[in-house]
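Chain by chain, the residues:
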Amino acid sequence: IVEHSIVLTAAHCVRYSKPNLVRIGSYNVKNGGVVRKVSKVIIHPDYGSLNNDYALLLLSEPVYGIRPVGLPEQGVDIVQNTPIVSIGWGYTSEGSGKTTEDLMEVDLVSLTNKECNKRYGLDRIKSAMLCTWGKWDPKTKQRADACSGDSGSPNFYYDKSGRIINAGVTSWGS
């Protein structure tokens, strides 16, 4: 939630299927927190494929008692190796086909777009994107990351005063 009556999500999550309700402030996908009706969906006007994958959900009534996250100051870039927390109710491991009912989180770090393209072997990272990188887990033989089903979930960091700042939303991965 970025304002008392505005939720930020990924455009690809709402492009073809508009949500009727959102649950805010809960650690469980099925209960707790506050449920609000979505009155309007606004997709970024330059959304296309993977770029500008943002949408705003306008709520029918404001949510109070849950503090909205901050947004980065305009023109301020997130520097490489900034600790980023990604949360969501997606798959708990790649290919598992099982989502979780309890909110999960993973600690990541930010990368510059140049470094991201180099590590992932891609050339798809655009200036409006934030790239993150997770730690390797020798037990699972997988890199920690957001996963399928986490799309639209927030990625955030803490500023110097300890305030939560939204760095973006989970959009896609490789």
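Residues numbered from 1 in each chain as written. Predicted model: local features only at pLDDT ≥ 70, side-chain atom pairs only at ≥ 80, totals over all residues. Heavy atoms only, no water.

(A) Up close: the sheet that holds strand β10 (residues 154-158). Strands sit in the order β7-β6-β5-β10-β11 across an open sheet of five strands; the sheet is antiparallel. Each having just a single partner strand, β7 (131-134) and β11 (164-169) make up the two edges of the open sheet. Along the sheet, successive strands turn relative to each other by an average axial angle of 40°, direction set aside. Strand direction decides the pairing type here: strand β5 (residues 83-88) and strand β6 (residues 104-111), joined by six bridges, are antiparallel. By the bridge assignment, Pro-83 is partnered in β6 with Val-109. (Pairing = 2+ DSSP bridges. Helix = DSSP H or I, 4+ residues; strand = E, 2+ residues; numbered from the N terminus. Axes fitted to C-alpha atoms, helices over the stretch in contact; angles between N-to-C directions.)

(B) Expanded view of the side chain of Asn-166. One can find Asn-166 in strand β11. If near-sequence neighbours (up to four positions away) are discounted, Asn-166 is found in contact with Leu-8, Val-69, Gly-70, Leu-71, Pro-72, Pro-154, Asn-155 and Phe-156. (Contact = heavy atoms within 4.5 Å.)

(C) Structural detail: the pattern of salt bridges. Summed over the entire model, instances satisfying the criterion amount to four salt bridges. When the shortest N-O distance is used, the salt bridge between Glu-115 and Lys-118 registers 3.6 Å. Here Glu-115 pairs with Lys-118, and both are found in helix α2 (residues 113-120), just three residues apart, close to one helical turn. Residue Lys-118 is classed as exposed on the basis of its relative accessible area, which comes to 63%. Through salt bridges that share partners, Glu-115, Lys-118 and Arg-119 make up one connected network. (Salt bridge = Lys/Arg side-chain N within 4 Å of Asp/Glu carboxyl O. Buried < 20%, exposed > 50% of the residue type's maximum accessible area, 1.4 Å probe, protein only.)

(D) Focus on the packing of aromatic side chains. Overall, the coordinates contain one aromatic pair when judged by the stated rule. An angle of 85° between the planes, with centres 5.9 Å apart, marks the rings of Phe-156 and Tyr-158 as edge-to-face. You can call Tyr-158 partly exposed: its relative accessible area is 49%. The ring of Trp-133 carries the charged tip of Arg-119 above its face, separated from the ring centre by 5.0 Å. (Phe/Tyr/Trp six-rings, centres within 6.5 Å; stacked < 30°, edge-to-face > 60°. Lys NZ or Arg CZ within 6 Å of the ring centre and 35° of its normal.)

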